[in-house]
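Residue-level structural notes
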Amino acid sequence: MLPNLIGFDALAMSAFFSEIGEKEFRARQLLRWIHQRQVSDFAAMSDLAMSLRGRLPSLARIAAPEVVRDHTAADGTRKWLLQVDSTNAVESVYIPERSRGTLCVSSQAGCVLDCAFCSTGKQGFNRNLSRAEIVGQLWLASRLLAESGLEGRAITNVVFMGMGEPLLNLEEVVPALRLMLDDNAYGLSRRRVTVSTSGVIPGMDQLRDECPVALAVSLHAPNDALRDKLVPINRKYPLAELIKACRRYLERAPRDFVTFEYVMLDGVNDSPQHARELLGISARIHCKFNLIPFNPFPDSGLRRSPPDTVRRFSEVLQRAGVTVTVRRTRGDDIDAACGQLAGDVADRTRRSAAGRVIPITEVHA
Ligand code: SAH
Ligand code: SF4
């Protein structure tokens, strides 16, 4: 199959043009056509020489994943189910707010890490997404939002909080990030692109060295005994090591804090004592907490913490001077709170029952 230019970062694009005997500045032109105007037809690229426009279709293609479902919720949240091959589909969610628009993207079909509260983990690991499939989500969302009249910079932020563990697919995630940051492509600032990880320490160090963007870490428990159960990767990379890795990350990060995500599970990790234990962690690293009401799915055996419990928990942190936000669920009427429709398209009815809260925050203080 012809190479898919949608996933080519600046370096790869320059290499492509020099290989076909063209000037390297063509790379910049192509990046702009593809990522700033979402053009996929070489014939429409009017500032390219006619001869080049004629040649390109036999040398390369520009292709995004196919949209198999497109739903908009009453609150404007929009969700796409994207087919990436005959058996796999992933989800992207667009969340508009007054002052920003956030796109939540997937990095893998499925996930190998099997966290207790996550339906993506329950379905197992299917495969890594390619850089073209990752950037393709942003490309598609930009194009479809523009078509619906949301001109200009509808997407101001990108979060890797859809399906998969991005730090287990850095080979593809890093070039995708470079395109998101490139001024000739999406031009997002490093602080407006957030990678969320369950705590894959070597990946945190690699991301720090190769492309430091904002970091969110899925903490979910204040001690190793509980975290071992909820986030099994903790057995390999325990809390003390994770905190050290966060500190190393902050040396190069675009923000001076790490965001800790914390899913509130009724009777499991949500007591005031758990919150007090977290203060031992917040004393060691500059951080903010984002409390996520658990989104239940069949057979999870877990329940969402009641609002009062969440309030008491966040008060313990706030009284100690820690910033806390509570994520709020958006797009309920289209099941957009569900983070993983996908996996196997043929099987999506069953899987659509599973769920995750999408990344929207609201200051709780
Ligand atoms: N693998 C990465 C990124 C994808 S998950 C990670 O784990 O960080 C994005 C966020 O959704 C994580 O904080 C994850 O813990 C959370 N999440 C997963 N399942 C959830 C559920 N059922 N309810 C609420 N949040 C969930
Ligand atoms: Fe994977 Fe993240 Fe789900 Fe854990 S929470 S299983 S790391 S996608």
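Residues numbered from 1 in each chain as written. Chains lettered and ligands numbered in written order. Predicted model: local features only at pLDDT ≥ 70, side-chain atom pairs only at ≥ 80, totals over all residues. Heavy atoms only, no water.

Focus: the site of ligand 1
Here is the rule: The near set for a molecule or strand comprises every residue that places at least one heavy atom within 4 Å of it. N or O atoms closer than or at 3.5 Å make up a polar contact, with two conditions inside protein: a donor-capable atom paired with an acceptor-capable one, and, for residues adjacent in sequence, both atoms drawn from side chains. Strands are runs of DSSP state E lasting at least 2 residues, helices are runs of H or I lasting at least 4, and numbering of each runs from the N terminus. In this count, Pro and Cys sit with the nonpolar residues alongside Ala, Val, Leu, Ile, Met, Phe, Trp and Tyr, while Asp, Glu, Lys and Arg are called charged and the others, Gly among them, polar.
Around ligand 1 there are 21 residues in total, and Phe117, Gly164, Ser196, Ser218 and His220 lie nearest to it. Within the backbone of Gly164, an N or O atom sits 2.9 Å from a nitrogen atom of ligand 1. In this structure, Glu261 approaches ligand 1 through a side-chain N or O atom, which is 3.0 Å from an oxygen atom. Secondary-structure elements contributing two or more residues to the shell around ligand 1 are strand S8 (193-197), strand S10 (258-264) and strand S11 (287-293). Of the residues assigned to the shell around ligand 1, the class counts are nine nonpolar, nine polar and three charged.

Brief notes about the environment of Phe8
In plain terms, the rule: In what follows, residue pairs with any heavy atoms lying within 4.5 Å of each other are defined as contacts.
Among the structural elements, Phe8 can be located in the segment before helix H1 (10-19). Setting aside residues up to four positions removed in sequence, Phe8 forms contacts with Pro3, Met13, Phe16, Leu31 and Leu179.

Some details on the site of ligand 2
Surveying the vicinity of ligand 2 reveals the residues Cys111, Leu113, Asp114, Cys115, Cys118, Gly121, Gly164, Glu165 and Ser198. Its residues assigned to classes, the shell around ligand 2 shows four nonpolar, three polar and two charged.

Comments concerning helix H10 (residues 272-282)
Under the convention used in this document: Type-normalised accessible area, obtained with a 1.4 Å probe on protein chains alone, sets the label of each residue: buried when under 20%, exposed when over 50%, and partly exposed for intermediate values. This arc is taken over the directions from the axis of the helix to the C-beta atoms.
Within the sequence span of H10, burial applies to His274, Ala275, Leu278, Ile281 and Ser282. Projected down its long axis, H10 shows its buried positions confined to an angular sector of 95 degrees, all on one face. Residues of H10 that are buried sit in contact with helix H8 (224-230), helix H9 (239-250), S10, S11 and helix H11 (307-319).

Observations regarding the pattern of salt bridges
To keep it simple, the criterion reads: Between Lys or Arg on one side and Asp or Glu on the other, a salt bridge is scored when a side-chain nitrogen of the former is within 4 Å of a carboxyl oxygen of the latter.
Under the criterion given, the structure shown has 19 salt bridges. The partner of Arg303 in a salt bridge is Asp266, and the shortest N-O contact between them spans 3.1 Å. Residue Arg303 is found in the loop between S11 and H11, and its partner Asp266 is found in the loop between S10 and H10; the two are separated by 37 residues along the sequence. Under the relative-accessibility criterion, Arg303 is labelled exposed at 52%. Here Asp266 falls in the partly exposed class, since its relative accessible area comes to 24%. When salt bridges that share partners are traced, they join Arg208, Asp209, Glu251 and Arg252 into one network.

Observations concerning the packing of aromatic side chains
Selection criterion: A pair of aromatic rings is counted whenever rings of Phe, Tyr or Trp (Trp by its six-membered ring) have centres within 6.5 Å, and the orientation is called stacked for planes under 30 degrees apart, edge-to-face for over 60 and tilted otherwise. Note on geometry: a ring has a charge over it if NZ (lysine) or CZ (arginine) is within 6 Å of the ring centre and within 35 degrees of the ring normal.
Within the structure shown, the criterion is met by five aromatic pairs. Centroid distance Phe16 to Phe17: 5.2 Å. Interplanar angle 80 degrees. Geometry classified as edge-to-face. Following the ring pairs from residue to residue traces out a cluster consisting of Phe8, Phe16 and Phe17. Its guanidinium or amino end placed over the ring of Trp33, Arg37 lies 4.1 Å from that ring's centre, counting from NZ or CZ.

Quick look at H11
Rules: In a helix, the anticipated span is given by 1.5 Å times the number of residues less one.
Helix length check: H11 (13 residues) gives 18 Å between terminal C-alpha atoms against 18 Å at 1.5 Å per residue, within 8%. Within the span of H11, buried status applies to Thr309, Val310, Phe313, Ser314, Val316 and Leu317. Mapping the buried residues of H11 onto a view down its axis gives an arc of 145 degrees, with all of them on the same face. Exposed positions of H11 whose direction lies more than 90 degrees from the buried face are Pro307 and Arg319. As for H11, its buried residues are in contact with S10, H10, S11 and strand S12 (324-327).

Here's the deal with the nonpolar core
Let me state the cut-off plainly: In this description, a nonpolar core means a group of buried Ala, Val, Leu, Ile, Met, Phe, Trp, Tyr and Cys residues linked to one another through side-chain atoms lying within 4.5 Å.
Counting residues in each nonpolar core, the largest one holds 109 residues, and the members touching the most others are Leu5, Leu30, Phe117, Phe160, Leu177 and Phe260. Ranked by the residues each element gives to this core, the list is headed by helix H5 (residues 131-147), at nine residues. Not counting residues up to four positions away in its chain, the partners in contact with Phe160 are Val105, Ser107, Ile134, Pro166, Val173, Leu177, Met180, Val193, Thr194, Val195 and Ser196. Residues Val93, Ile95, Cys104 and Val159 belong to the second largest nonpolar core, which totals six residues.

A closer look at unusual backbone geometry
Phi at Gln38 takes a positive value of approximately 55 degrees, unusual for a residue other than glycine. Topologically, Gln38 is positioned in the loop between helix H2 (25-36) and helix H3 (50-55). At Asp114, a residue that is not glycine, the phi angle is positive and equals roughly 55 degrees. The topology assignment puts Asp114 in the loop between strand S5 (108-110) and helix H4 (119-122).

Section: a nonpolar patch on the surface
Convention followed: Like charges are joined within 9 Å and nonpolar side chains (Val, Leu, Ile, Met, Phe, Trp, Tyr) within 5 Å, but only among residues with over 30% relative accessible area and no salt bridge; these make up the patches. Calculation of accessible area relied on Shrake-Rupley with a 1.4 Å probe; when residues are assessed, cover is drawn exclusively from the protein chains displayed.
On the surface, Val112, Phe125 and Leu168 cluster together to form a nonpolar patch covering roughly 250 Å² of accessible area. A residue is classified by how much of its surface remains accessible, and Val112, at 52% relative accessible area, is exposed.

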